[in-house]
Structure formats: structure tokens, C-alpha cells
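Working through the structure, step by step
What follows is each chain in one-letter form.
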Protein chains: 2
Amino acid sequence: MEIKVLKDILSANDQIAQENRQLLDSKGVLMINIMSSPGAGKTSLILQTIAGLRGKTRIGVVEGDVSSSIDAERVGREGVPVIQINTGGECHLDANMVRRALNNLPLDDIDLLFIENVGNLICTAEFAIGAHKNAVIGSIPEGDDKPLKYPLMFTIADALLLNKIDLLPYLKFDSVAYEKAVKGLNNKVKIFPVSCTTGQGIDQWLKWLRSQLKPPQK
Amino acid sequence: MEIKVLKDILSANDQIAQENRQLLDSKGVLMINIMSSPGAGKTSLILQTIAGLRGKTRIGVVEGDVSSSIDAERVGREGVPVIQINTGGECHLDANMVRRALNNLPLDDIDLLFIENVGNLICTAEFAIGAHKNAVIGSIPEGDDKPLKYPLMFTIADALLLNKIDLLPYLKFDSVAYEKAVKGLNNKVKIFPVSCTTGQGIDQWLKWLRSQLKPPQK
């Protein structure tokens with residue numbers, strides 16, 4: 001009698017994440033999972049990016065929050081398609097929440113889809129949603145020790161935006177130690193020092209984003 | 001036949017939290033659960049408090065982090081008893097982790113015990129550890145919309161320290177809207193605007209803390 005050993009069975013979440021990715025690929029949509037602590041600047045980065053790519057790249061946004069629709073309202077005023085997900089207590093988005101959002105977005109009219117995850121530097125890193133790239137936002141006022149304390153998030157980042165560099169004159173922050181700690185966890189990550197208030201450094205981020213855009217796969 | 005209906009059975013975590021509380025009460029130790037986003041200033045607040053109460057109140061500290069012992073080292077240099085808990089991925093402390101720390105602290109020589117929880121504005125609020133009071137730290141750079149987005153944390157706070165007020169001149173932050181949102185969730189919370197960098201406002205916090213101290217219960 002032959003005994004079947006089933007290997008590599010995807011979890012339900014990973015299975016749905018893979019289906020999300022296939023749907024996005026079929027439509028030529030680049031999906032970016034934006035993660036950070038609360039208040040590091042996820043929405044501000046999305047707003048800067050919408051402004052910077054207006055007329056060039058068609059953007060859609062999914063806003064994930066425990067509660068409220070403040071962020072979706074801010075983004076919606078920019079005239080891009082936006083869906084708010086309220087997790088009602090859950091500390092992260094999962095693939096099924098994102099699937100429901102995808103089903104309610106005009107994917108044929110979107111080139112670049114941002115998923116603004118819940119503000120959480122730990123749990124959001126643990127759940128695949130089907131994104132092509134993970135963009136993590138660090139923030140100068142949070143301090144330079146965050147990569148050592150929250151290593152998983154920095155390990156899975158494809159892009160790391162170090163935001164609020166306009167506050168550097170007023171705070172102690174060792175940029176060299178920070179970058180060294182990040183590279184020790186993940187030497188492939190692209191680091192972008194930016195200020196979403198002044199716009200400093202945003203051009204480099206936009207250039208990287210545009211280089212990642214995908215044609216539809218037939 | 002009588003049918004027994006068991007009500008109000010505590011979860012395993014809540015049971016251990018209650019036992020932690022009983023142990024602390026028997027020793028006359030006030031335990032404060034300090035919670036915030038990553039980098040809002042939990043360790044800095046503890047360091048300011050140790051300095052402000054030196055020679056008056058005997059302090060102990062438990063440092064909770066996903067990874068690293070950076071904070072325990074900083075606190076240990078002040079000569080107070082400190083235990084580091086590394087959760088190894090878990091996004092919050094639970095009652096059993098704290099119990100193990102209590103068993104390794106000289107509780108007879110401590111009046112005030114700080115538990116620095118993992119940096120997380122969501123999950124830490126959901127797990128009782130046996131603390132007498134919850135102290136939540138908000139931070140000016142995080143923005144004034146946090147109470148609306150993360151309501152549970154603000155609902156369970158006994159004290160809310162609004163930290164980094166030294167950065168107010170450089171940031172947009174509507175203190176009136178913030179306080180209104182907090183009070184809408186929880187009108188009993190005591191709010192302390194502070195700067196753990198300059199020491200501004202710390203005196204009021206120390207006064208409140210001292211008013212909460214407990215004699216041992218025989």
C-alpha cells in the first residue's frame with residue numbers, strides 16, 4: 001500500500017494570497033503592501049505618491065484600519081479608487097480581507113495598488129496578502145533601535161522608507177547604526193530616506209516604484 | 001437532577017493575571033503596565049521616573065521585547081532590578097510571561113514595578129497581566145488621529161502620557177481634537193503632556209504615581 005505524503009500544502013491564507021497574486025498578474029497590477037508602526041507615515045506616503053505620479057500611473061488604494069475611515073477619506077479626496085477595510089479589532093490584514101477589496105476595485109483601470117496595512121510593526125509582517133513587494137516605513141522619531149527590536153519586519157522589506165528626516169535636527173538618531181542594523185538583517189532592501197512633509201527624497205521612491213510596474217500577463 | 005451552570009470561568013490567562021495581582025498585593029507592590037506604539041517613549045519614561053523617584057520609591061522593571069535586550073541594559077545601568085522578557089515573535093506580553101518575571105524579582109524590595117510591554121498599540125491591550133494600572137504613551141509625531149484608529153488602547157488607559165511635546169513647534173498636532181477623542185472613549189483617564197527628553201510635565205506624572213502606591217495587604 002502506498003502512503004501519500006502531502007508536502008507543501010499551503011495554509012488557507014497563503015492559498016488565497018497566491019490567488020490574489022494571480023488575479024493581479026492577469027490584470028498587470030503591481031500591489032505594494034505598506035507596513036509600519038502607527039503614525040510613521042503610511043497615508044502621507046500614499047498621498048505624496050499619488051501627487052507625484054498623477055497623469056503617469058493609475059493608482060488604487062486599500063486602507064486597513066482597526067477602526068474609522070479617516071485615511072480612506074483623505075485618499076478619496078485625491079480622486080483615486082479607494083476601499084476601506086475595518087478589521088474591527090484584528091491587528092493585521094489577511095489575504096481574504098484583501099481579496100474582498102480586490103473584488104470591489106476596478107482592476108482594469110489600475111496599474112499600482114497600495115495596501116495600507118494596519119499600524120503594527122509585528123503582526124502585519126506575518127500574514128501574506130499576495131503583494132508583489134513589501135514597503136516598510138521607519139520613522140526618525142521612533143528611534144534608531146527598531147530594526148534590532150522588530151527584526152522580522154525589516155527582514156521581509158523590499159523597500160524601507162526612513163520617513164520624517166525633516167525632524168533630524170531636533171532628535172538623536174544614528175543613521176549609520178540604523179542602516180547597519182537593517183543591512184545586517186536584509187542586505188537586499190532598498191533604503192529611501194524621505195520626508196512626506198517636505199517631499200524630500202520622494203523622487204527616488206517614485207523612480208523605484210515605476211521600475212517595478214508590470215505589464216498584464218496573458 | 002440539578003444542572004450546574006458554571007459562569008464567569010476565567011480564561012487561563014486571566015486566572016494567572018489574577019494570581020499575579022494577589023501576589024503583588026501581598027507584597028505591597030504597585031504594578032503598572034506601560035503600553036504604546038514602537039518608539040513612543042516607554043523606556044525613556046521609565047528612565048525619567050527612576051531618576052525622579054530615586055531615594056523615595058523602590059522601582060523594579062520588566063522589559064518586554066520581541067527581540068534584543070537593549071532596553072534592559074539601559075534600565076539596568078540605573079541600578080534597579082530588571083528582567084528582560086524576549087517573546088521571540090509574540091506581539092504582546094501575557095500573564096504567564098509576567099509571572100515568570102515576578103518569580104525572579106526581589107518583590108520585598110520593590111514598591112513600584114513597571115512592565116514595559118511590547119511596542120504595539122493593538123494586541124497588548126487585549127491581554128491582562130495582573131497590573132493595577134495601565135499607562136499608555138501617545139506621541140506627538142504619531143499624529144492626533146490615533147485614538148480614533150486604535151480605540152481599545154485608549155479605552156483601557158488609566159493614565160495617558162502624551163510624549164514628545166518638545167516637538168510640537170515642528171509638527172501639526174491638534175491637541176484639543178486629540179484630547180476630545182480620548183475623552184470620548186474614556187472620560188476617566190488622566191492625561192499628562194510630557195517630554196521625556198526635556199523632563200517637562202514629568203512632575204505631575206510622578207505625583208500621580210506616588211498617589212497610587214500601595215501598602216502590603218496582610
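Summarised in this report is the structure supplied together with it. (Residues numbered from 1 in each chain as written. Chains lettered and ligands numbered in written order. Predicted model: local features only at pLDDT ≥ 70, side-chain atom pairs only at ≥ 80, totals over all residues. Heavy atoms only, no water.)

Some thoughts on the relation of the copies chain B and chain A
For the pair chain B and chain A, the best superposition has an RMSD of 0.0 Å and corresponds to a rotation of 180° with a translation of 0.0 Å parallel to the axis. As the rotation angle and translation indicate, the two copies are arranged about a two-fold axis. Interface residue correspondence from chain B to chain A reaches 100%, placing this contact among same-surface, isologous pairings. (Least-squares fit on C-alpha atoms with pLDDT ≥ 70 in both. Contact = heavy atoms within 4.5 Å.)

Notes on the interface of chain B and chain A
For interface size, the figure often reported is the accessible area lost on association. Across the boundary between the two partners, chain B contributes 30 residues, which contact 30 residues of chain A. A buried area of about 2,400 Å², summed over both sides, lies between chain B and chain A, and 63% of it is on carbon and sulfur atoms. Here K149(B) makes a salt bridge to D71(A), at a shortest N to O gap of 2.8 Å. One can count six residue pairs in polar contact (both at pLDDT 80 or more) joining chain B with chain A. Mapped by element, the contributors of at least two residues to the side of chain B that touches chain A are α3 (70–76) and α5 (146–149) of chain B. Top element by residues in the side of chain B that touches chain A is α5(B). It accounts for three residues. Residue composition of the side of chain B that touches chain A, grouped by class: 15 nonpolar, seven polar and eight charged. (Buried area = accessible area lost by both parts, 1.4 Å probe. Salt bridge = Lys/Arg side-chain N within 4 Å of Asp/Glu carboxyl O. Polar contact = N/O pair within 3.5 Å; in protein donor to acceptor, adjacent residues only side chain to side chain. Helix = DSSP H or I, 4+ residues; strand = E, 2+ residues; numbered from the N terminus. Nonpolar A, V, L, I, M, F, W, Y, C, P; charged D, E, K, R; others polar.)

Side note on the pattern of salt bridges
A full pass over the atoms with the stated rule returns 14 salt bridges over all chains. A single network of salt bridges, built from pairs that share partners, joins D71(A), D145(B), K146(B) and K149(B).

Structural notes on unusual backbone geometry
Within the chain, K164(A) stands out as a residue other than glycine whose phi angle is a positive 65°. Summarising the element assignment, K164(A) is placed in the loop between β6 (159–163) and α7 (175–185). With relative accessibility at 11%, the residue K164(A) sits in the buried group. Although it is not a glycine, S68(B) adopts a positive phi angle of roughly 85°. Tracing the backbone through its elements, the reader meets S68(B) in the loop between β2 (59–65) and α3. (Buried < 20%, exposed > 50% of the residue type's maximum accessible area, 1.4 Å probe, protein only.)

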